Amino acid sequence: MEKNNLLMFFAVVALFALSLSARTPLVDSPGHIRMLERLGIRMDSLYWMGDTVRMEDFGYYAIDKEKPALLGKVHGFGELENDEEADMGIYSIAGVKQYQTVMALVLYSVEHGDGSHQELAAYHPRGELVDFINMGYWHDWMGYNMDDDPVSDVEVVTNTFMTLDDEGFALHIVDEVFDIHEREQSPQNRKGRAEKVVYYAYDGMNGFELQGFDYTHDGLYVAQRYAHDDIRNLRYYPLTDTKVFDRLNEIAAQHAVTREEPDDYFDDIDGEIQDIVSNMIWYRPKSFMQWLYRHRDDPNNHLTAIATMCFVSGRCDIGPVLSVLKGKDVAKVRKYVSHLLDGWQENNP
């Protein structure tokens, strides 16, 4: 009896040690994200994110064949990549982080001709996509007229960084204002600074939860820069938060952007609203189409008219909609969306 108990004791110890070793990184190894290893990606070739991440910290591990497995549920890779006009960008893994044992974070850098934007995705250990955020361009600049002079008076240079802890993360969007004629941009000749912080929490196994925004500024404040921030901020909602469509619909009503026909292509409000709709159709077309279907008879639904404006103006790409409608799980919306597609495709061949 004692011998059997002893054997059972050693078996339990062995199982415990095996379990512990599965969770403990190997000596001299940065860590393990099994779903990336299964795709043939070496862990020591990746940048492991710490408490603060800036663009200069990025590692760039180019991915191509791995994209459908990692981001197929976001972009419909394969369908859209066959469209020569679809600007999918050149994808690299910029950084990774293991959140406890339940979630892996992967930061992507997506190169375009005019720079790169960043995307953040969360995955279950078995590789299923949990959540996704399009974080926009981490480095950008824009000129602004501060008076009636036809030459812009100032330029706003934007740099973004991210801070992370065990509870969540924050995106810090920092704007610095300089005289557009200033040759050297340094803190000494900076005319103003503004910072927007977007706070997120880890929502257990369910992804991200956007908790809010915080603004601070000092020195010269370029009000034009933030005139439509309520619209632009919608891009920061995580993929799992479908209330973003209701929020956009409310904002459209507030700004009275409900015209059946498109206004000037360069109209500020029209442009901002259509850019966000384009972003939503690109990243979450299935959810967007389902929202239109559910609100098809709602007199307060402004998004159908705005989507039409977006396709007529050429800001929206028809590809993601066509890709989604090929899926078997959206049959209930196909009949309703088909007559919309006729008009959209006519203006967006």
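Residues numbered from 1 in each chain as written. Predicted model: local features only at pLDDT ≥ 70, side-chain atom pairs only at ≥ 80, totals over all residues. Heavy atoms only, no water.

Attention shifts here to the sheet that holds strand β4 (residues 103-112). If you walk across this open sheet you meet the 5 strands as β2-β3-β4-β5-β6, and the pairing is antiparallel. With partners counted over all chains shown, the strands left at the sheet margins are β2 (61-62) and β6 (129-137), one partner each. Two strands pair when backbone bridges link them, and β4 and strand β5 (residues 115-123) are joined in this way by 9 bridges, in the antiparallel orientation. Directly across from Glu111, in β5, lies its bridge partner Ser116. The sheet contacts of helix α3 (residues 67-75) involve β3 (90-99), β4, β5 and β6, and relative to β6 the element is tilted by about 80°. (Pairing = 2+ DSSP bridges. Helix = DSSP H or I, 4+ residues; strand = E, 2+ residues; numbered from the N terminus. Contact = heavy atoms within 4.5 Å. Axes fitted to C-alpha atoms, helices over the stretch in contact; angles between N-to-C directions.)

Turning to the packing of aromatic side chains, a few remarks are in order. Evaluation of the coordinates by the stated rule reveals 12 aromatic pairs. When the ring of Phe169 is compared with that of Phe208, the centres are 5.2 Å apart and the planes differ by 85°; the resulting orientation is edge-to-face. Of this pair, Phe169 sits in strand β9 (residues 168-179) while Phe208 sits in strand β11 (residues 208-219), and the two are 39 residues apart along the sequence. Summarising the burial analysis for this pair, Phe169 and Phe208 share the class buried. Each member of the aromatic cluster is reached from another via a ring pair, and the members are Tyr99, Phe169, Tyr200, Tyr202 and Phe208. Of note, Arg54 hangs over the ring of Phe161, and the distance from its end group to the ring centre comes to 4.2 Å. (Phe/Tyr/Trp six-rings, centres within 6.5 Å; stacked < 30°, edge-to-face > 60°. Buried < 20%, exposed > 50% of the residue type's maximum accessible area, 1.4 Å probe, protein only. Lys NZ or Arg CZ within 6 Å of the ring centre and 35° of its normal.)

Further remarks concern the pairing of β6. The buried fraction of β6 is high, at 8 of 9 residues. Strand direction decides the pairing type here: β5 and β6, joined by 7 bridges, are antiparallel. Its bridge partner being in β6, Gln118 is matched across the sheet by Gly136. A loop of 5 residues connects β5 with β6, the two strands running antiparallel in sequence, and Gly127 in this loop sits at a positive phi of about 105°.

On to the confidence of the model for the protein chain. Summing up the model confidence of the protein chain, the mean pLDDT is 82 and the portion of residues at 70 or higher is 82%. Residue range residues 1-29 is modelled with pLDDT below 50. Its contacts to residues more than four positions away, or to other chains, number 5 contacts. Across residues 258-267, where pLDDT falls below 50, the model places 15 contacts with residues more than four positions away in sequence or in other chains. (pLDDT = per-residue confidence, 0-100.)

Here we come to the nonpolar core. Among the nonpolar cores identified, the biggest contains 57 residues, and Leu107, Met162, Phe169, Phe208, Phe288 and Trp344 are the most heavily contacted of them. The element that contributes the greatest number of residues to this core is helix α10 (residues 331-347), accounting for 6 residues. In this view, Met162 contacts Met49, Asp51, Thr52, Val53, Leu107, Leu120, Met135, Trp138, Phe169, Ala170 and Leu171; residues no more than four positions away in its chain are not counted. In this structure, Met88, Val96, Leu129 and Leu239 belong to the second largest nonpolar core, which totals 26 residues. (Core = buried A, V, L, I, M, F, W, Y, C linked by side-chain atoms within 4.5 Å.)

Turning our eyes to something else, we now look at the packing of helix α5 (residues 243-254) against helix α6 (residues 268-283). Put simply, α5 and α6 touch, their axes get as near as 12 Å, and they point 165° apart. Regarding the angle of α5 to α6, the classification is roughly antiparallel. Crossing of α5 over α6 shows left-handed handedness. On the side of α5, the interface is formed by Val244, Phe245, Leu248, Ile251 and Ala252, while α6 contributes Ile273, Ile276, Val277 and Met280. (Parallel < 35°, antiparallel > 145°, perpendicular 65-115°, else oblique. Left-handed = near helix turned anticlockwise from the far one by under 90°.)

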